[in-house]
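# Summary of the model geometry
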Amino acid sequence: MPFCCSFLLFHFHVSCSAYSYLKMASFLPEIVLTSSPDGPIIAYDPHSGAIIAHFTGSRSPPKGLTLAGKSLIAASHISAAGAGSVNLYNWWSSAVFNHLPLPEPVAPLAATLDGAYLFAGGISGHVFAISLPSGRTIQTLPAHSKSVSCLEINDDGSLLVSGGDDGSIVVAPIFQLVAASSGRIKIPGNFVSHCFVGHASSVTAIRIGSCNSTMISCSADGTCKFWSLPRGLPLHTVALPCPVAGLAIDPTDSHFYAAGSDGSIYIAAMKSPSRKQTKQSLQVMKWQEKHGGAVVSLAMLNQGRNLVSGSEDGSVWIWEAGKGQVMTVLGNEMVGISHLVVARGVANSRGSSAGLGIDMEEWREKSGLGAREMSRPVRKMEEMKEKLGVAVKDRSRAIDILESAIGAYERLLELILKEAKGGGTGNSKSGGKESM
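Residues numbered from 1 in each chain as written. Predicted model: local features only at pLDDT ≥ 70, side-chain atom pairs only at ≥ 80, totals over all residues. Heavy atoms only, no water.

### Brief notes about the overall build of the protein chain
- Within the protein chain one finds 4 helices and 28 strands.
- In the protein chain, the proportion of contacts linking residues at least 24 apart, taken out of those at least 6 apart, comes to 48%.
- Roughly 21300 Å² of accessible area belongs to the protein chain as shown, and the carbon and sulfur atoms make up 57% of that amount. (Helix = DSSP H or I, 4+ residues; strand = E, 2+ residues; numbered from the N terminus. Contact = heavy atoms within 4.5 Å. Areas by Shrake-Rupley, 256 points an atom, 1.4 Å probe, with all protein chains shown as cover.)

In structure tokens:
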């Protein structure tokens, strides 16, 4: 087989192996992180309900917690003097890894998938684009006339969406926000791709469907509004009996969940109503059990089979999404919860959970069958990772051998050309002597 064909087949094999490696990474164990204005950030194992880590030093306002890639946790922090900043944490330490001062207090946070950039919403209505882990502010976007109340990044990491206390929603391309290398740059008037106006009160949460076609926003005005993100147009509105502070969308984009200020979880279909239904409200169901305080945050777990909710009363519940029943109650360690997020892909199979300071085998025993079953793909992933490393070394070795062979061939060709050229010169000289 020609070398070029062999190399292409080898490259295809490595690419397929890498795809399998990435695919298995989605089955890694999940960790629930909660923040509070009155206590530390706490990491829970959602399968057993056990607390597996604390991160101290932050007093986080609503929406002030996010994950920056696989290695960093970012939390907004409001000091006693009212100064604004963001605290960064590594998974392997409970103390603040880096303290990033900002020109004003900030609350909502969002980060790019690779953890290279962090976005923070300020009380002035500006969104700050920050380079990580240095903490350098590289761009400032004047998005709203009042405080920024929530931030969201779509699944492919191309768009940043911000909601404000002024009821507006602004959509901006991330590549433009991070294009500046230094300093505060004035944003041109056409920088924002879309601006949606429709809520009568603060926009409290935003979620984007998996295909970037539909966006949902909820508000303190008690409505959830659907928008066409590509066209920049409103679609329909779902009215709830109370203000809404959080949203979650199931992985199939069939239903959405809303966090009610009355402590209840509401569920409704994502599908747009038909023409006959335009004058009627979509059916909204309310789960029977309810928190003792307002629900402030929601997130999906276990590939959409479970929902996690956090309340101002400090309770964190794991629900069975299909039945609307509480399965697990996590520890009530705080006076109140300001936000929660779900970390995926932070565990490994070599003795620790991303440096959380716990033994992975001990965690599996405490977590029960569910966590043990989920951790099996981790070992396979680690084995695949080692195989990929060997394959890359073999490919490098093959390339080195090929380069050596090419070099030897070039030297041989030079010798042949020199010999041919030398032989031709000798023949011409001898022929001249014979003619004399």
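### What about the sheet that holds strand 20 (residues 244–249)?
- If you walk across this open sheet you meet the 4 strands as 20-21-22-23, and the pairing is antiparallel. Each having just a single partner strand, strand 20 and strand 23 (284–286) make up the two edges of the open sheet. Averaged over all neighbouring strand pairs, the angle between strand axes comes to 25°, with direction disregarded.
- When strand 22 (residues 265–269) meets strand 23, the two strands line up antiparallel, connected through 3 bridges. Counted as the bridge partner of Ile-267 is Met-285 from strand 23. (Pairing = 2+ DSSP bridges. Axes fitted to C-alpha atoms, helices over the stretch in contact; angles between N-to-C directions.)

### A short note on the sheet that holds strand 14 (residues 168–173)
- Read from one edge to the other, the open sheet built from 4 strands follows the order 12-13-14-15, with strand pairing classed as antiparallel. Edge positions in the sheet fall to strand 12 (148–153) and strand 15 (194–197), since each has one partner strand and no second. Adjacent strand axes in the sheet meet at a mean angle of 15° when their direction is disregarded.
- Two elements, strand 12 and strand 13 (residues 159–164), share 5 bridges in a ladder whose sense is antiparallel. Its bridge partner being in strand 13, Val-148 is matched across the sheet by Gly-164.

### Description of the environment of Ala-95
- Among the structural elements, Ala-95 can be located in the loop between strand 6 (84–90) and strand 7 (98–101).
- We classify Ala-95 as partly exposed; its relative accessible area is 40%.
- Between the C-alpha atom of Ala-95 and that of Thr-56, which follows or precedes it by 39 residues, the distance is 5.8 Å. (Buried < 20%, exposed > 50% of the residue type's maximum accessible area, 1.4 Å probe, protein only.)

### Quick look at the confidence of the model for the protein chain
- Per-residue confidence for the protein chain averages 80 on the pLDDT scale, and 74% of its residues sit at or above 70.
- pLDDT under 50 marks residues 347–355. Its contacts with residues more than four places away, or in other chains, come to 31 contacts. (pLDDT = per-residue confidence, 0-100.)

### Comments concerning the environment of Asn-306
- Within the secondary structure, Asn-306 is located in strand 25 (residues 306–311).
- In this structure Asn-306 comes out as buried when scored by relative accessible area, which is 10%.
- C-alpha separation for the pair Asn-306 and Asp-250, spaced 56 residues apart in sequence, amounts to 9.4 Å.
- If sequence neighbours within four positions are ignored, Asn-306 has contacts with Ala-299, Met-300, Leu-301, Ile-318, Trp-319, Glu-320, Ala-321 and Met-327.

### Focus on unusual backbone geometry
- Here the bond from Leu-132 into Pro-133 is cis, since omega is 5°, no more than 30 degrees from zero.
- Of note in this structure, Asp-253 is not a glycine but carries a positive phi near 60°.
- Mapping Asp-253 onto the fold places it in the loop between strand 20 and strand 21 (255–260).

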